Amino acid sequence: MTESVSGSIAKDPGDRGRTTIADGVVEKIAGLAAREVLGVHAMGSGSGLSRTFGAVRDRVPGGSKASVSRGVKAEVGEVQTALDLEIIVEYGVSIRDVARAVRENVISAVERMTGLEVVEVNIAVSDVKLPDEEDEEPESRLQ
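Residues numbered from 1 in each chain as written. Predicted model: local features only at pLDDT ≥ 70, side-chain atom pairs only at ≥ 80, totals over all residues. Heavy atoms only, no water.

Visitor: Quick one: what's the story with the overall build of the chain, residue by residue and with numbers?
Guide: Looking only at helices and strands, one finds three helices and six strands in the chain. Starting at the N terminus and ending at the C terminus, the chain contains elements arranged as β-β-α-β-α-β-β-α-β. When burial is assessed residue by residue, the chain has 29% of its 143 residues classed as buried. Carbon together with sulfur atoms contributes 50% to the accessible area of the chain, which is approximately 9,500 Å² in total. (Helix = DSSP H or I, 4+ residues; strand = E, 2+ residues; numbered from the N terminus. Buried < 20%, exposed > 50% of the residue type's maximum accessible area, 1.4 Å probe, protein only. Areas by Shrake-Rupley, 256 points an atom, 1.4 Å probe, with all protein chains shown as cover.)

Shown next as structure tokens:
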């Protein structure tokens, strides 16, 4: 800080005011970071029916807003955040290794982009994508 002529302490212009980050912002960052990890097939519920509905919703104009943050729940405070992720992994990968890589990537991305301290990343593996399973996403009729 610098002292002004009148003797009072002047704040750095970058420190004047408050920045708040919405839960949804952190959820999007975490969702994208989790999807970057090798071995993560998808985010969200492992139920085939809900994945199908999600795929249809993603293809409807205006329906894909939640797809980036699907499977992610964030609680954001003033300086810290905690995350819960639900993932579907590829068959054959080490779930422990994938979970560790997801945690590392999510923490790195969220802390770098928001400045918030990530206090925990809880991961629930809800399904395994088998090699012979077809993706349950229907062909899109929309173009």
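Visitor: So what's going on with the side chain of Ser 69? Residues and values would help.
Guide: Turning to its location among the elements, Ser 69 is positioned in the loop between α2 (48-59) and β4 (72-76). Here Ser 69 falls in the buried class, since its relative accessible area comes to 16%. Sequence-distant contacts of Ser 69, that is, excluding residues within four places in its chain, are made with Glu 27 and Lys 28. (Contact = heavy atoms within 4.5 Å.)

Visitor: Before we move on, could you go through helix α3 (residues 95-114) and cite the residues and values that matter?
Guide: Spanning 20 residues, α3 covers 28 Å between terminal C-alpha atoms, matching the ideal 28 Å at 1.5 Å per step. Turning to α3, its buried residues are Val 98, Ala 99, Val 102, Val 106, Ala 109, Val 110 and Thr 114. Buried residues in α3, looked at end-on, bunch into an arc of 110°, giving them a common side. Residues of α3 that are exposed and point over 90 degrees away from its buried face: Arg 96, Asp 97, Glu 104 and Arg 112. Elements in contact with the buried residues of α3: α1 (23-35), β3 (40-43), β5 (80-90) and β6 (117-129). Gly 115 sits one or two positions beyond α3 and adopts a positive phi of about 80°. (Expected span 1.5 Å × (residues − 1). Arc of directions from axis to C-beta.)

Visitor: I'd like to hear about the pairing of β6, residue by residue, with values.
Guide: Across eleven bridges, β5 lies against β6 in parallel orientation. By the bridge assignment, Leu 85 is partnered in β6 with Ile 123. Note that the unit made of β5, α3 and β6 has a crossover that is right-handed. (Pairing = 2+ DSSP bridges. Right-handed = clockwise from strand over helix to strand, strands pointing away.)

Visitor: Lay out the nonpolar core with the relevant residues and their values.
Guide: Judged by nonpolar contacts, the single largest core of 24 residues is most densely connected at Leu 83, Leu 85, Val 102, Val 106 and Val 110. The set of elements that each furnish at least two residues to this core consists of α1, β3, β4, β5, α3 and β6. It is α3 that contributes the most residues to this core, six residues altogether. Beyond its immediate sequence surroundings of up to four residues, Leu 85 is in contact with Ala 34, Met 43, Gly 71, Val 72, Val 102, Val 106, Val 121, Asn 122, Ile 123 and Ala 124. (Core = buried A, V, L, I, M, F, W, Y, C linked by side-chain atoms within 4.5 Å.)

Visitor: With reference to specific residues and values, describe the environment of Ser 45.
Guide: By the element assignment, Ser 45 lies in the loop between β3 and α2. What makes Ser 45 partly exposed here is its relative accessible area of 32%. Separated by 43 residues in the primary sequence, Ser 45 and Ile 88 place their C-alpha atoms 7.7 Å from one another.

Visitor: Quick rundown of α1? Include the residues and the values.
Guide: Between its first and last C-alpha atoms α1 spans 18 Å; for 13 residues at 1.5 Å apiece the expected length is 18 Å, and the two agree. Residues of α1 that are buried: Val 26, Glu 27, Ile 29, Ala 30, Gly 31, Ala 33 and Ala 34. Buried residues in α1 make contact with β3, β4, β5 and α3.

Purely geometric stuff here, so don't read any function into it on its own.
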